[in-house]
Amino acid sequence: MSLSTIDFNALYKQQKLRSTFKPKNRDDWEKKAKSVSQRVHKSIYNSELLSKMDFTGCSTLLDVGCGAGNIAILASKKVQKVYALDFSKNMLKHLKEEAKKQNIDNITTINVSWEDNWDDIPTCDVVLASRSMEVSDMKDALKKLNKKAKKRVYLTYKVGGSFVNDDILEFIGKKIVKKPDFIYIINILFQMGIYSTLSYIKSEGRKKQYDSLESFKKSIIWSIGEISREQEKLLEEYYDTKLKDNEEKNEYVCWAVISWDKKSQPCL
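Attention in this report is confined to the structure presented alongside it. Quick caveat, the model's predicted, so the values are computed rather than measured.

Among the residues of helix α8 (residues 183–191), Y184, I185, I186, N187, I188 and L189 are the ones counted as buried. Buried residues along α8 sit in contact with α1 (8–18), α6 (138–147), β5 (149–158), β6 (197–204) and β7 (252–261). One or two residues past the end of α8 sits G193, with phi positive at roughly 85°.

Take a look at the structure:
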């Protein structure tokens, strides 16, 4: 077996289907939009990601899976026009409210999903998919991003294959199948003839979101699905002991930043 004979996109699809972390649908994100908007604009993730992005010679940005607009809002001060795309109308509603609050008028929202037809979506200098690459077909999604970019593409993907800390899972005795990690993307791009650059940034861990036992349990169940009553009791114990004992300790999540410059690609 050689590298050229391995179908990394097929392996990605297989792992995605097996994973405990099932895709969230439109309704799931509609319900979560308000809570996301309340915290995401204050995250250290925003400045860390923007520090990795080069807007030199660029006037337009397409933000795919923009959510509540944490990056779109900040990037609107760096380019002339931002197109913010998301499949959640509530996310876009919160984005527009935040833009209005800050007197920002150069953002156009687009209510479209990964699976929709993108023919009418503008081609932009920079294309970004920030924490929005939980797709069923990674190769197809990467092709869409690349096609809509004139100059540069950036995407971020969580490192480690799990949205819940291993120590929590171990404490409650929950075995999971992890989702495909970022290395699949690197290899899929390579097989597409795209030579990407890899770096890392961080965001706050979920601990900062847990203002009550109920929010803690709700967040864990959101990620891994239903748990047994015994596991729920163990979650309560974890919250009362382990979590509170370390509440002053900073916790971070690592994100892979994968990017490429279209003009410097030898195979494009």
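Spatially, β3-β2-β1-β4-β5-β7-β6 is the arrangement adopted by the seven strands of the open sheet, whose pairing is mixed. The open sheet has two edge strands, β3 (107–111) and β6, and neither has a second partner. When the angles between neighbouring strand axes are averaged without regard to direction, this sheet yields 20°. Where strand β4 (residues 124–129) lies against β5, five bridges are found, and the strand directions are parallel. Across the sheet, V127 pairs through a bridge with V153, a residue of β5.

Take unusual backbone geometry next. Residue N103 is not a glycine yet carries a positive backbone phi of 55°. Tracing the sequence through the fold places N103 in the loop between α5 (89–101) and β3. The exposure class assigned to N103 is exposed, which follows from its relative accessible area of 68%. Positive phi, normally seen in glycine, also occurs at R131, with a value near 55°. When you line up the elements, R131 lands in the loop between β4 and α6.

Parameters at a glance
- Residues numbered from 1 in each chain as written.
- Predicted model: local features only at pLDDT ≥ 70, side-chain atom pairs only at ≥ 80, totals over all residues.
- Heavy atoms only, no water.
- Buried < 20%, exposed > 50% of the residue type's maximum accessible area, 1.4 Å probe, protein only.
- Helix = DSSP H or I, 4+ residues; strand = E, 2+ residues; numbered from the N terminus.
- Contact = heavy atoms within 4.5 Å.
- Pairing = 2+ DSSP bridges.
- Axes fitted to C-alpha atoms, helices over the stretch in contact; angles between N-to-C directions.

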